[in-house]
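# Remarks on the overall topology
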Amino acid sequence: MKKIVLTLSLVLGALLTMNAQEISKNAIGLRLGGGDGFGAEVSYQRALGNNNNRLELDLGWRNDKHFDAFKLAGLYQWVWNIEGGFNWYAGAGAGIGSVDDNRVYRDDFHHDDGAFLFVAGNIGIEYNFDIPLLVSLDFRPEIGFSDYDVIDDFAPDIAIGVRYQF
């Protein structure tokens, strides 16, 4: 029990004493993942207020011989400076999507096409270069809600982000 209290105290103390670095007002680029089958997503980040919080919007789509699908995610993120241009961030959000299954099955079996909702968490690390470039690595677990049987209830996703800051 003493170890748990000591660890929580150290983590809380570190979070409260971190200095914030100014984040870019806007950033747009790509989030390159694939754990949920959508692959690359167009990503936009917008700073909120005078503190280091931001909104991230990601639009992913897939159009191939098996699926036509899109997914829109919105995340609220808290950003903390580690040192220099290195930041780490955590966030939470939700999204919506739609899937059109083009696969051919037996005559007596058919997937239902349809929309889905999901909630998501997000944690990652980023480097803010002196030029207007932001590179990140993040982990986004998603929990989906749908009657569509191909969409997993849980979909972890690891991605690399490359964004232009302005």
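Let me begin by describing the structure that accompanies this report. (Residues numbered from 1 in each chain as written. Predicted model: local features only at pLDDT ≥ 70, side-chain atom pairs only at ≥ 80, totals over all residues. Heavy atoms only, no water.)

### Details of the sheet that holds strand β2 (residues 40-48)
The test is simple: Any two strands between which DSSP finds at least two bridges are classified as paired. Per the convention used, a helix needs a DSSP run of H or I reaching at least four residues, while a strand needs a run of E reaching at least two, with both numbered from the N terminus. Fitted lines through C-alpha atoms give the axes, limited to the stretch in contact for helices. The angle between two N-to-C directions lies from 0 to 180 degrees.
Read once around its circumference, the closed barrel built from 8 strands follows the order β1-β2-β3-β4-β5-β6-β7-β8, with strand pairing classed as antiparallel. Geometrically, the sheet is characterised by an average inter-axis angle of 25° between neighbouring strands, direction not taken into account.

### Let's talk about the packing of aromatic side chains
Two descriptors summarise a pair of aromatic rings, namely the distance from one centre to the other and the angle between the planes of the rings. The following threshold applies: The criterion for an aromatic pair is that two Phe, Tyr or Trp rings (for Trp, the six-membered ring) have centres within 6.5 Å, with stacked assigned to planes under 30 degrees apart, edge-to-face to planes over 60 apart and tilted to the rest. Throughout this description, buried means an accessible area under 20% of the type-specific maximum (1.4 Å probe, protein chains only), exposed means over 50%, and partly exposed covers the range between. Only when the NZ atom of a Lys or the CZ atom of an Arg is both within 6 Å of the ring centre and within 35 degrees of the ring normal do we say a charge sits over the ring.
In total, this model carries 6 aromatic pairs according to the counting rule given. Ring centres of Phe116 and Phe118 lie 6.3 Å apart, and the angle between their planes is 35°; this geometry places the pair in the tilted category. For the pair Phe116 and Phe118, one class covers both residues: buried. Aromatic rings pair up to connect Phe86, Tyr127 and Phe129 into one cluster. Arg54 extends its terminal NZ or CZ atom over the ring of Tyr89, reaching a point 5.0 Å from the ring centre. The ring of Phe118 is capped by Lys71, whose NZ or CZ atom sits 5.4 Å from the centre of that ring.

### Some thoughts on the environment of Ala69
Our working rule: Here, residues are in contact when the closest pair of their heavy atoms is within 4.5 Å.
By secondary structure assignment, the location of Ala69 is in strand β4 (residues 67-83). A relative accessible area of 11% means that Ala69 is categorised as buried. Residues Ala69 and Val99, spaced 30 residues apart in sequence, show a C-alpha to C-alpha distance of 4.4 Å. Leaving out residues up to four positions away in the same chain, Ala69 has contacts with Phe38, Gly60, Trp61, Arg62, Ser98 and Val99.

### Some thoughts on the nonpolar core
Formally: By convention a nonpolar core is built from buried Ala, Val, Leu, Ile, Met, Phe, Trp, Tyr and Cys residues, the set being connected through side-chain atoms within 4.5 Å.
Counting residues in each nonpolar core, the largest one holds 9 residues, listed as Phe38, Phe67, Ala69, Ala73, Leu75, Val99, Phe116, Phe118 and Ala120. Elements that contribute at least two residues to this core include exactly β4 and β6 (114-128). Those residues within four positions of Ala120 in sequence are excluded, and the remaining contacts are Leu75, Gly91, Ala92, Gly93, Arg140, Pro141 and Glu142.

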